[in-house]
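Breakdown of the fold
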Amino acid sequence: NVMASFKEYLDTNGSAALGGADLGEDGWPANYAEFVDMLRRYSSYTGPGSKFSMSVSYGDSADLQAYHVKLEYVRLAKEFRGETIDDASRQIE
């Protein structure tokens, strides 16, 4: 996931190599424009997150248009000795 990798990079290396923007208390860039700029630099073909270069797209302006997210289906019903048991506390109505 590009966002998890980007956050790990910022936590480990800071923002200096990505334009040096100020990071907030949560470790993310302090404003949206800096966030998009740093993510663009991180995920560029020559950036430290180059493996994600095809996972992020940007609009004509400085806006983030879309990014690829990996999802996984987790079955909430389980089998126990041939019987199906629903994990009702985890099911979404």
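First, a word on scope: everything that follows refers to the structure included in this document. (Residues numbered from 1 in each chain as written. Predicted model: local features only at pLDDT ≥ 70, side-chain atom pairs only at ≥ 80, totals over all residues. Heavy atoms only, no water.)

**Thoughts on the overall build of the protein chain**
Across its full length, the protein chain carries two helices and four strands. When the helices and strands of the protein chain are listed from N to C terminus, the series reads α-α-β-β-β-β. Looking at the protein chain as a whole, 28% of its 93 residues are labelled buried. Put simply, of all contacts in the protein chain between residues at least 6 apart along the chain, 28% involve residues at least 24 apart. (Helix = DSSP H or I, 4+ residues; strand = E, 2+ residues; numbered from the N terminus. Buried < 20%, exposed > 50% of the residue type's maximum accessible area, 1.4 Å probe, protein only. Contact = heavy atoms within 4.5 Å.)

**Some details on the nonpolar core**
Within the largest apolar cluster, 15 residues are counted, with the highest numbers of intra-cluster contacts made by Val2, Phe6, Leu18, Phe35, Met38, Leu39 and Tyr42. When residues of this core are traced back to their parent elements, those giving at least two are helix 1 (2–13), helix 2 (32–42) and strand 1 (56–58). What tyrosine 42 contacts, discounting residues up to four positions off in sequence, is Val2, Ser5, Phe6, Tyr9, Leu18, Gly47, Pro48, Gly49, Ser50 and Phe52. (Core = buried A, V, L, I, M, F, W, Y, C linked by side-chain atoms within 4.5 Å.)

**Focus on the environment of valine 56**
Inspection of the secondary structure assignment puts valine 56 in strand 1. Relative accessible area serves as the criterion here: at 10%, valine 56 is assigned to the buried category. Measuring from C-alpha to C-alpha, the distance between valine 56 and valine 69 comes to 9.8 Å, with 13 residues separating the pair along the chain.

**Comments concerning the environment of leucine 18**
Mapped onto the elements of the fold, leucine 18 is located in the loop between helix 1 and helix 2. On the basis of relative accessible area, leucine 18 is assigned to the buried category, the value being 1%. Distance in space between the C-alpha atoms of leucine 18 and leucine 39 is 8.2 Å, their sequence separation being 21 residues. The contacts of leucine 18, once residues within four sequence positions are left out, are Phe6, Tyr9, Leu10, Asp37, Met38, Arg41, Tyr42 and Pro48.

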